Amino acid sequence: MTPNRDDPVLFHLDRRRFGDLAQVANLSGDYTYLTSGYYASLDAELAGLKVLPTTREALDAYVVPIAMEKARLAGIAVPPHEVVTERFPAPPILAYPINPFSSRGELLLDQESVAARRKGLTYTGKYAVLVQQLPVDHRIDVLRLVMGLTPVPEYAELGRLLFATFRLPLMKVRIVVTTKEYLLSAIEPLPFGELTEEDRAQLEGMGSWRG
Amino acid sequence: MARLAIFTERYTIRSSVELTALTEFRLAAFERGHELDFLFKNELKYLKNYDGILIRALTDPLNTSYVVARTAEMLGKRVLDHSDAIRVCCDKVNMYARLMRADVPLPETRFLAESEVTAVSAAHLFEELGAPLVLKAPNSSFSAYVDKVATPDAFVKVGKRFLRRADRIVVQQYMPSDFDWRVITLAGTVLGVVRYEFAPNQWKLMDRTESGEWAKVVGIDVADASPKLLQVALAAANATGESLYGIDLKEIDGEFYVIEVNDNPTIAAGEEDQGNPGIYAAVISHLAGDG
């Protein structure tokens, strides 16, 4: 399925399948604050449409410290984490800056990388960083979700829960896999243009590009 | 007795009058039998210990202040600013769209996406709205990324520069004046009124003259303010939400036009509180849930 314009567009959800969940899904896939994808959701909200995601939901998902709290309240496991400015916990850690200029997470595996990146990540202590502590024995998976669906069976249940909680039609999810469990690390943009044929096929029967 | 906290940041306390205002908030809390702590960004894990949180720090949906607002809301705490207020007011596209939807009087306003920032559309807009025009990046604050342009070339040049910050820009009819009204409201009530008198021959509050003259803040008793001013300000606040707002308005021939609705309005000792000494107690009582 392809959108009828180049711009991010609203996908009209099939009422029989989705009920009151929402009328339209913004399939831009990148809902970053102040981008055209974000504004597509804002326009829909202001037009009185029930849209996935709302601008609040977009920020809840992408601002990692908020996502951590929202996940915790929904029963989704997250790594031990805290907001710091100067004192970083012992590596290995994942560090997500909290400022208007960059949100890219950085994996810091040893004390040397922490020392080298501390000032850059905090703009010399001016901004905070969300730090997640990882067990030494871990792996990081990147999960692609289309309306909560993934072809990977081991992630089917978590995918549904992430979609129910965060309500982003398209998401790239960074998961920390430990010997015991799957931990949500961060939710990132999955632009529509990056969807594979298989990803797009998930949308079949969910609705249409025209209302 | 409520446990309250003021979330603040070292670098956002720009002046001693703002610091004095923080202690005024604390005194107002103590006088009402409440506790009040200051909370800094590396102490957010203790948010859960408080009943109400007042944010006195630079706000932006991508800053820690927004994390404080959303976390407090998710934990069922009272918080000012509301996260909705930060999200709406920090993005001028969102803010003006809500004012327009509610028919609040404001200068003629248009939003342009990248493909629309062209010399042709600029020429149309000059014809329709007059010259000069004011261009604003959605996330400008303290009048940075706000510029007056008088030609299509300048329009495109400034517009493209602002598009580096966001995928839309705001274009507005220019309304000259020597001062702005600022009305501070909370949950549909006016807490204070001041006049921001610009430095001579300046058009933005944060501009100063070559000799270093800044804008002056003149306090007005709410009871003496024009009812029409308060009515338009409250209409703007209600179009935006129920948080703590500072609404800027221009007065032209007895009519009032909203220039901006600000979340997290400055409340500085000897300035915004001049005609309205009860402003601290009003904010604290709201946060504490005093009846």
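Each value, and the rule that gives it
- Residues numbered from 1 in each chain as written.
- Chains lettered and ligands numbered in written order.
- Predicted model: local features only at pLDDT ≥ 70, side-chain atom pairs only at ≥ 80, totals over all residues.
- Buried ≥ 20, exposed ≤ 12 C-beta atoms within 10 Å, placed from the backbone.
- Helix = DSSP H or I, 4+ residues; strand = E, 2+ residues; numbered from the N terminus.
- Pairing = 2+ DSSP bridges.
- Core = buried A, V, L, I, M, F, W, Y, C linked by C-beta atoms within 7 Å.
- Contact = placed C-beta atoms within 7 Å.
- Axes fitted to C-alpha atoms, helices over the stretch in contact; angles between N-to-C directions.

**Q** I tried to follow the pairing of strand 1 (residues 3-8) of chain B on my own but got confused; where do I start?
**A** Successive residues of a regular strand alternate their side chains across the two faces of the sheet. Residues and elements named next belong to chain B. Across the six residues of strand 1, five count as buried, placing the element largely inside the fold. One ladder, built from five bridges, connects strand 1 with strand 2 (residues 35-39); its direction is parallel. Residue pairing in the sheet places F7 in a bridge with L39 of strand 2.

**Q** Would you explain the nonpolar core in this entry?
**A** Inside soluble globular proteins, nonpolar side chains tend to come together where they are buried. Residues and elements named next belong to chain B. Ranked by internal contacts, the top residues of the largest apolar core, which has 146 residues, are F25, V258 and V283. For this core, the leading source of residues is helix 8 (residues 279-288), giving seven residues. In this structure, F25 is in contact with I6, L36, L54, Y280, V283 and I284, ignoring residues within four places of it in sequence.

**Q** Is there a simple way to think about the sheet that holds strand 6 (residues 133-136) of chain B in this case?
**A** Neighbouring strands of a sheet are bound in pairs by backbone hydrogen bonds; such pairs are parallel or else antiparallel. Residue and element names in this part refer to chain B. Sheet architecture is open: four strands sit in the order 5-8-6-7, paired in antiparallel fashion. The sheet is open, and its two borders are formed by strand 5 (109-113) and strand 7 (146-149), each paired with just one other strand. Each neighbouring strand pair of the sheet contributes to a mean axis angle of 25°, computed without reference to strand direction. Sheet analysis places strand 6 next to strand 8 (residues 168-173), joined by four bridges and oriented antiparallel. Its bridge partner being in strand 8, V134 is matched across the sheet by Q172. Packing of helix 5 (residues 119-129) onto the sheet brings it into contact with strand 5, strand 6 and strand 8, and relative to strand 6 it is tilted by some 125°. Against the sheet, helix 6 (residues 152-163) engages strand 6, strand 7 and strand 8, with an angle of about 15° to strand 6.

**Q** I tried to follow the environment of T189(B) on my own but got confused; where do I start?
**A** All names here are of chain B. On the secondary structure map, T189 appears in strand 10 (residues 189-197). Overall, the presence of 12 C-beta atoms within 10 Å leaves T189 in the exposed class. A C-alpha to C-alpha distance of 9.5 Å links T189 and L230, two positions 41 residues apart in sequence.

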